[in-house]
Amino acid sequence: MKLSTRLQTALLVFTMALISPNILSAANDTIPSSTKIQMDKIIADKMIERLEEIKNLDKSNLTRVEKKELREEVKGIKKGLRASGNGLYLSVGAIIIIVLLLILLL
């Protein structure tokens, strides 16, 4: 009897493991990709607007802590803009490999 229960439990866990990625991908597909792109564009525009706002801010009368917070905010915004996928970034190692492959093939 114990073997049967363990087998059923193992089968249930295995089935859940196979089904769960499909459920997650179905949940992510509820928003159309064009809407996602538009939302990303709006968020990126707001980030750029905030960067311009910080750039035009008079920083002469800010305390040291406030300036540090602004720098951290600017770094975070720039990191977020880079991570939003608005470009293709290649590392130096990838560029070297591509060049070597082109030399070998041509």
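Residues numbered from 1 in each chain as written. Predicted model: local features only at pLDDT ≥ 70, side-chain atom pairs only at ≥ 80, totals over all residues. Heavy atoms only, no water.

Caption draft 1: Geometry of the pattern of salt bridges. Per the stated rule, a full pass over the model turns up three salt bridges. Here Arg-50 and Glu-53 are joined by a salt bridge, their closest N and O atoms 2.7 Å apart. Pair noted here: Arg-50 and Glu-53 are both in helix H2 (residues 33–55), with a separation of three residues, about one helical turn. Relative accessible area serves as the criterion here: at 29%, Arg-50 is assigned to the partly exposed category. Since its relative accessible area comes to 45%, Glu-53 is described here as partly exposed. Here Arg-50 makes a salt bridge to Glu-73, at a shortest N to O gap of 2.8 Å. With Arg-50 in helix H2 and Glu-73 in helix H3 (residues 64–83), this pair connects stretches of sequence that are 23 residues apart. (Salt bridge = Lys/Arg side-chain N within 4 Å of Asp/Glu carboxyl O. Helix = DSSP H or I, 4+ residues; strand = E, 2+ residues; numbered from the N terminus. Buried < 20%, exposed > 50% of the residue type's maximum accessible area, 1.4 Å probe, protein only.)

Caption draft 2: The nonpolar core, seen in detail. One finds Ala-44, Leu-51, Ile-54, Leu-70, Val-74, Ile-77 and Leu-81 forming the largest nonpolar core, which totals seven residues. Within the residue set of this core, elements represented by two or more residues are H2 and H3. (Core = buried A, V, L, I, M, F, W, Y, C linked by side-chain atoms within 4.5 Å.)

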